[in-house]
Amino acid sequence: MDKLNLTDAEWRERLSPEQYHVLREGGTERAFTGKYNSNKADGLYFCAGCGAQLFDAEEKYDSGSGWPSFTAPVDIDAVDEIRDTSHGMIRTEVRCSNCDGHLGHVFPDGPGVNGLRYCMNSASLDFKSRDEVE
């Protein structure tokens, strides 16, 4: 997939106001309000901005944080990790490597083999069941 570069006007036309706030302005939806937080269906999660495949439902778990959480992306190259020192904290921001959209943050407190928790905003994701993808 070619890297997606759009103007601000094109992003605003393509995304809902909430998606624009999260993906393009680095916003965060309120905890426990996102449509995918409680989703337990089998499938894949894609970037709501560009359609790039990001996470597999097999890596999703209930972290209790109020946001969809995953132990790993489908491919390490699917996301970029950037040091984030905003809000008086030191965190690692996660962005879609294809469109540079803000997805959420990754924390070193996950249950997986790598011990990571990719805490994502539902507004930055689109879900497709495995049947829809195959």
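This one's a predicted model, so the numbers in the text were calculated from it and none came from an experiment.

With respect to the overall build of the protein chain
Then, number 1: Of the regular secondary structure elements, the protein chain holds 3 helices and 9 strands.
Then, number 2: Ordering the α and β elements of the protein chain from the N terminus gives α-α-β-β-β-β-β-β-β-β-β-α.
Then, number 3: Taken over C-alpha atoms, the radius of gyration comes to 14 Å for the protein chain, in line with the 14 Å a tight globule of 134 residues would show.
Then, number 4: Counting only C-alpha atoms, the protein chain reaches 45 × 40 × 30 Å along its principal axes.
Then, number 5: Expressed as a percentage of its 134 residues, the buried residues of the protein chain come to 49%.
Then, number 6: Sequence separation of at least 24 residues holds for 54% of the intrachain contacts in the protein chain that already meet a minimum separation of 6.
Then, number 7: Surface summary for the protein chain: the accessible area is close to 7,300 Å², and the carbon and sulfur share equals 47%.
Then, number 8: The positive charge centre, built from 14 side chains, and the negative charge centre, built from 24, are 5 Å apart in the protein chain.

Section: the pattern of salt bridges
Then, number 1: By the definition in use, this model includes 8 salt bridges.
Then, number 2: D42 serves as the salt-bridge partner of R130, at 2.8 Å between the closest nitrogen and oxygen. You can see R130 sitting in helix α3 (residues 130-133) and its partner D42 sitting in the loop between α2 (17-25) and β1 (43-47), a full 88 residues away along the chain.
Then, number 3: Among the residues examined, R130 registers a relative accessible area of 17% and is labelled buried.
Then, number 4: Given the relative accessible area of 42%, D42 is considered partly exposed.
Then, number 5: The salt bridge involving R130 is made with E58; its shortest N-O contact spans 3.9 Å. Highlighted residues: R130 in helix α3 and E58 in the loop between β2 (53-56) and β3 (60-61), separated in sequence by 72 residues.
Then, number 6: Counted as one network, the salt bridges with shared partners bring together D42, D56, E58 and R130.

Thresholds applied
- Residues numbered from 1 in each chain as written.
- Predicted model: local features only at pLDDT ≥ 70, side-chain atom pairs only at ≥ 80, totals over all residues.
- Heavy atoms only, no water.
- Helix = DSSP H or I, 4+ residues; strand = E, 2+ residues; numbered from the N terminus.
- Rg over C-alpha atoms; globule rule 2.2 N^0.38 Å.
- Buried < 20%, exposed > 50% of the residue type's maximum accessible area, 1.4 Å probe, protein only.
- Contact = heavy atoms within 4.5 Å.
- Areas by Shrake-Rupley, 256 points an atom, 1.4 Å probe, with all protein chains shown as cover.
- Lys, Arg positive; Asp, Glu negative; His and termini not counted.
- Charge placed at Lys NZ, Arg CZ, Asp CG, Glu CD.
- Salt bridge = Lys/Arg side-chain N within 4 Å of Asp/Glu carboxyl O.

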